[in-house]
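The residues making up each chain are set out below.
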Amino acid sequence: MKKHIFFNLTLILLSPWIIEIFLINYVKTDSFVENKNITVQKNYLLKKDEKKILEKLKRDGYEPTIYPSVLQKKEFYKNLFLDYNFLPLGAQPNTKTYLCDEGYGFIKFNTDHLGFRNKTEDWEKSKVALIGDSYVHGSCVEDNFTISGHLKDMGVYNLNFGIGNHQSAHYYYTIDQFIKNNRFENVVLLFSLHNDLMGIDDGDSLFIKNFDSYTYNLESNEIQLSKGGIKFYETLKKKLKNLIKEENQNIKKKSLKNFYKLNNLRNILRANYGVWINKDLICIKKKCLYGSLDKRFEKELIIVKKTILKLIERCNPEKNCNPMVILLHHPKFYDHDIIYDFRRAHFNEFVNKIKDNSSYLKYVDAASLIDPNLPKNYAPAGSHFSISGYKDVE
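The notes below deal with the structure included here. Residue numbering note: each chain is counted from 1, following its sequence as written. The model is predicted, so local features are restricted to residues of pLDDT at least 70 and side-chain atom pairs to those at 80 or more, both for listing and for counting; the totals for chains, interfaces and linings are taken over all residues. The basis for the side-chain values is all heavy atoms of the structure; hydrogens and waters are excluded.

**Description of the nonpolar core**
So, step 1. Ranked by internal contacts, the top residues of the largest apolar core, which has 63 residues, are Phe191, Ile308 and Phe347.
So, step 2. Sorting elements by how many residues they give to this core places helix H14 (residues 293-314) first, with 6 residues.
So, step 3. Residues count as neighbours in contact if any of their non-hydrogen atoms are within 4.5 Å of one another. With near-sequence residues (within four places) excluded, Ile308 lies in contact with Leu189, Phe191, Val325, Phe350, Val351, Ile354 and Leu361.
So, step 4. Residues Ile147, Leu151, Ile370 and Phe385 belong to the second largest nonpolar core, which totals 17 residues. Residues enter a nonpolar core if they are buried and are Ala, Val, Leu, Ile, Met, Phe, Trp, Tyr or Cys, with the set joined through side-chain atoms within 4.5 Å. For the exposure calls, accessible area comes from a 1.4 Å probe over protein chains only, and a residue counts as buried if that area is under 20% of its type's maximum, exposed if over 50%, partly exposed in between. Secondary structure is summarised from DSSP: a helix means a run of H or I of at least four residues, a strand means a run of E of at least two, and numbering begins at the N terminus for each.

**Some thoughts on the pattern of salt bridges**
So, step 1. Salt bridge, as used here, is a side-chain nitrogen of Lys or Arg placed within 4 Å of a carboxyl oxygen of Asp or Glu. Following the criterion strictly, the structure yields 16 salt bridges and no others.
So, step 2. Glu63 serves as the salt-bridge partner of Lys237, at 3.5 Å between the closest nitrogen and oxygen. Taken together, the residues span a long stretch of sequence, with Lys237 in helix H12 (residues 227-260) and Glu63 in strand S1 (residues 63-64) at a distance of 174 residues.
So, step 3. Of the residues examined, Glu63 reaches a relative accessible area of 16% and is grouped as buried.

**Comments concerning the pairing of strand S3 (residues 107-110)**
So, step 1. Only one face of S3 is buried: it carries Ile107 and Phe109, and the other face, with Lys108 and Asn110, is open.
So, step 2. The rule for pairing is simple: two strands pair if DSSP sees at least two bridges between them. Summarising the sheet, strand S2 (residues 96-99) and S3 pair through 4 bridges and their orientation is antiparallel. Bridge assignment links Leu99 to a residue of S3, and that residue is Ile107.

**Quick notes on the side chain of Asp112**
So, step 1. Within the element layout of this structure, Asp112 appears in the loop between S3 and helix H7 (120-125).
So, step 2. Charged residues are defined narrowly, with Lys and Arg counted positive, Asp and Glu counted negative, and His plus the chain ends left uncounted. For the buried Asp112, which has no salt bridge, the nearest side chain bearing the opposite charge is Lys152, at an N-O separation of 9.1 Å.
So, step 3. Polar side-chain contacts of Asp112 include one of 2.8 Å to the backbone nitrogen of Phe116.
So, step 4. Separated by 3.1 Å, the side chains of Asp112 and Trp123 make a polar contact.
So, step 5. Look past the residues within four positions of Asp112 in its chain and what remains in contact with it is Pro93, Asn94, Asn118 and Trp123. By the criterion applied in these results, polar contacts are pairs of N or O atoms within 3.5 Å in which, for protein atoms, one can donate a hydrogen and the other can accept it, and in which residues neighboring in sequence qualify only through two side-chain atoms.

Here is the structure:
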């Protein structure tokens, strides 16, 4: 009798991980993908041929785009930041790089002298700055189909300071380093509802400290890498092969960590049923048994507020500069989370309160322009905008 009780108790305790094992194996099967929307199906098919294409890109001299957010999580590079007094905001400078394939093929381009997706003439003509993550960076479309590219087609020259995986702390530091000396007449800060409004981690917190990573040449009106920055990227180039290998190994470690944390099960519960189970929250939609969604959102928005206030400080009518904030949305049919809707409402209210004291700040919730429910607005095989979707942001 005692054995049966022990067995049943053990089974009950382990049942969440048993479900997790099922989900891990099921979500990788053809039958699972066949029941998902066409965007997920195409993404799944592209992944199958990815290895051969990446090998060819390597032979042709292209490197994967290295995001600063990847480096900030590694102790070796965090120490380099401190040694060189440099925090990278761009990818590898003056390099042939490639971005993801979401149905338009892998995207190839040359980075500028700071590691951003700009051409030399952009630096000479531009009075508009775009700040954001992968949506601003232009994942995963060719140069002329990005937000920046569409604006140039309209005669609006701009500098693209977007990099994939950037979040609010990176935006704060981008404004601190680049938006100065009346260089720009318009500065547009674009937040992603999916991952930009979720506070900061230890790596992100580096980007709100005092580093002078970039120098401003007043005579030529150019922004340049500091000496520490030049040394940093020289070291990165030497270590690139090891970094890529390490990242591939980390994917396996991350998978194991996610298994212990019941990542798939918790995501399904949150996305489909609004059940949020976290170390500081147990909620069903907006009703919480433990913790508070509103308090969670307020805490997450501390760095967002700091960033928007930094924008207003550096770009305002006294400096002949117009600041704008835009909220971008992930496709609801591809990667929806009920919590996003609550976070969106909280953010809209939050920004409007800032506008009460700074009426010149323009704010646009892009869902009013780009319907997150329509597949045509998003990539054929991913969660970023489609070519037409990017055009609508302009």
